[in-house]
Amino acid sequence: MDKIPFNKPFLTGKETTYIEDAVNRGKLSGNGYYTNLCQSWFTDNYGFKKALLTTSCTDALEMCAILCNLQPGDEVIVPSFTFVSTALAFVREKANIIFADSCEDNPNIDADLVESLITERTKAIVPVHYAGVACDMTKLRQIADKYNVLLVEDAAQAIDSYYIDPVTQKQLPLGTIGHLSAFSFHETKNIISGEGGLLGINAPEYIKRSEIIWEKGTNRAEFFRGEVNKYGWVDNGSSFLPSEMTAAFLWAQLEQIRNIQNKRISLWNKYYQLLKPLADKGCFKMPVIPSYAVNNAHMFYIVCNSLEERTRLIDHLKGHGILAVYHYLSLHKSAYYKDFYQGAELPNCDKFSDTLLRLPLYYELTENQVEYICDQIYSFFSTAH
Ligand SMILES: *Cc1c(COP(=O)(O)O)cnc(C)c1O
């Protein structure tokens with residue numbers, strides 16, 4: 001069996017065709033033909049009030065942080081078990097980060113703890129839909145509404161995933177529930193453009209300012225719509241928009257989203273079905289998908305019983321040509337932040353830091369390879385126990 005990498009970016013085959021077309025259209029900078037196609041795709045399919053492509057999810061989060069109008073000392077509630085950008089984007093705007101613990105049975109922010117972290121300085125709550133699995137959005141929305149703070153969804157991993165409203169049973173696309181949301185098209189995500197992201201805007205009062213922040217703090221968008229007769233520097237901002245070549249690449253991916261998602265979901269289900277009996281014996285825990293969440297197969301992970309066992313399992317798999325990885329050292333324990341941290345212990349974050357293990361999952365992975373990977377996990381537990 002050839003070596004199985006952890007991830008392999010999938011190409012639909014149309015990317016270079018569309019990039020060539022973008023080049024031939026003669027507009028290489030951002031906000032052109034392909035940018036509009038992609039942004040319309042998002043508003044049409046998911047119902048954002050406005051969608052703006054960005055150069056990364058990190059940038060989309062930075063735009064959210066600017067939109068929060070933070071003053072020094074203002075607080076933003078963020079899970080500690082997440083990628084750096086969820087916190088960093090707000091740190092750059094001088095926020096005090098209030099780290100929250102994960103749920104006991106899955107890495108998402110524990111919505112029951114969030115209310116106790118609210119103070120009069122709280123400006124935003126930033127839940128992360130880990131592995132594309134929805135956080136408890138009813139609770140988080142209620143808290144955000146009650147205390148009049150912004151709800152910003154880090155939906156980096158959550159494209160084509162949904163929250164099922166427990167009252168109406170309606171499937172709400174993740175990223176459309178908070179005031180603002182951020183998606184990633186990094187090559188490790190389901191839909192990719194190398195580096196890339198999207199700001200989703202659901203609260204219409206943020207549209208106008210978002211367009212300005214997006215284009216270097218200028219009112220260029222209004223100018224090109226003929227709404228003002230001069231454009232200039234009117235606000236904070238940066239160059240957050242990607243070039244047309246990046247948007248052209250992304251368009252080739254969006255056209256194939258059903259195909260990509262169906263394939264990933266079938267591989268995910270295969271893992272689940274094959275590994276469930278071992279989990280039932282107590283060898284590790286399976287990913288938990290709450291009844292209000294839909295699975296978009298962003299990742300397949302297991303939760304090992306100890307750090308030591310995870311380390312040995314990684315080595316065992318590596319010895320059989322399989323690259324399995326773990327991630328997210330709790331951010332409150334990271335080198336950059338640990339000396340400032342004054343909050344409580346976050347035991348669930350630490351547990352997932354020590355024991356969560358991600359298995360290979362990418363479009364070109366075959367069912368045979370999933371069987372092979374699971375066989376190696378079985379052999380590990382048959383000798384280790
Ligand atoms: C990937 C990821 C990001 C960062 O996305 P980029 O597009 O690489 O900036 C942010 N948050 C989470 C939860 C992620 O998984």
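Small disclaimer: the values here were computed from a predicted structure and weren't measured.

Q: Looking at this structure, how should I read the sheet that holds strand β11 (residues 300-304)?
A: Across a sheet, strands are paired by hydrogen bonds formed along the backbone, either parallel or antiparallel in direction. An order of β10-β11-β12 is seen for the three strands of this open sheet, with the pairing classed as antiparallel. The open sheet has two edge strands with one neighbour each: β10 (284-285) and β12 (356-359). For β10 and β11, the ladder comprises two bridges, and the chain directions are antiparallel. Directly across from lysine 285, in β11, lies its bridge partner valine 303. Contacting β10, β11 and β12, helix α10 (residues 257-280) crosses the sheet at an angle of about 15° to β11. Across the sheet, helix α12 (residues 347-355) lies against β11 and β12, angled at about 45° from β12, the strand it touches most.

Q: In this structure, what is going on with the environment of leucine 117? I would like to understand it.
A: For leucine 117, the location among the structural elements is in helix α5 (residues 111-117). Residue classification places leucine 117 among the partly exposed residues on the basis of a relative accessible area of 23%. Distance in space between the C-alpha atoms of leucine 117 and phenylalanine 99 is 8.8 Å, their sequence separation being 18 residues. Residue contacts for leucine 117: discarding those within four places in its chain leaves Glu75, Ile77, Ile98, Phe99, Ala100 and Thr122.

Q: In this structure, what is going on with the site of the ligand? I would like to understand it.
A: Looking at the ligand, there are 15 residues lining it, with Thr58, Asp154, Gln157, Ser184 and Lys189 nearest. Here a nitrogen atom of the ligand and a side-chain polar atom of aspartate 154 are 2.8 Å apart. Separating an oxygen atom of the ligand from a side-chain N or O atom of glutamine 157 is a distance of 2.8 Å. Contact with the protein chains hides 93% of the accessible area of the ligand, taken as 380 Å² for the molecule alone. Class assignment of the residues belonging to the shell around the ligand gives a composition of five nonpolar, eight polar and two charged.

Q: I would appreciate a short explanation of the side chain of threonine 176 in the present structure.
A: Structurally, threonine 176 can be placed in the loop between β7 (171-173) and β8 (180-184). For threonine 176, a relative accessible area of 18% gives the class buried. A polar atom in the side chain of threonine 176 sits 2.6 Å from the backbone oxygen of proline 173. If we skip the residues at most four places from it in the chain, threonine 176 touches Tyr46, Phe48, Glu153 and Asn202.

Q: Honestly, the side chain of glutamine 376 in this entry has me stumped. Any pointers?
A: By the element assignment, glutamine 376 lies in helix α13 (residues 367-384). Classification of glutamine 376 by relative accessible area gives buried; the value is 12%. Those residues in contact with glutamine 376 that lie beyond four places of it in its chain are His316, Leu317, His320 and Ile322.

Q: Where do I start with the packing of helix α1 (residues 15-24) against helix α9 (residues 244-254) in this structure?
A: Taken N-terminus to C-terminus, the directions of α1 and α9 make an angle of 145°; their axes are 8 Å apart at the nearest point. Crossing geometry of α1 relative to α9 is assigned as right-handed. Two secondary-structure elements touch here, α1 through Glu15, Tyr18, Ile19, Ala22 and Val23 and α9 through Glu244, Met245, Ala248, Phe249, Trp251, Ala252 and Gln253. Its residues placed into classes, the contact of α1 with α9 shows nine nonpolar, one polar and two charged.

Conventions we followed
- Residues numbered from 1 in each chain as written.
- Predicted model: local features only at pLDDT ≥ 70, side-chain atom pairs only at ≥ 80, totals over all residues.
- Heavy atoms only, no water.
- Pairing = 2+ DSSP bridges.
- Helix = DSSP H or I, 4+ residues; strand = E, 2+ residues; numbered from the N terminus.
- Contact = heavy atoms within 4.5 Å.
- Axes fitted to C-alpha atoms, helices over the stretch in contact; angles between N-to-C directions.
- Buried < 20%, exposed > 50% of the residue type's maximum accessible area, 1.4 Å probe, protein only.
- Near = heavy atom within 4 Å.
- Polar contact = N/O pair within 3.5 Å; in protein donor to acceptor, adjacent residues only side chain to side chain.
- Areas by Shrake-Rupley, 256 points an atom, 1.4 Å probe, with all protein chains shown as cover.
- Nonpolar A, V, L, I, M, F, W, Y, C, P; charged D, E, K, R; others polar.
- Left-handed = near helix turned anticlockwise from the far one by under 90°.

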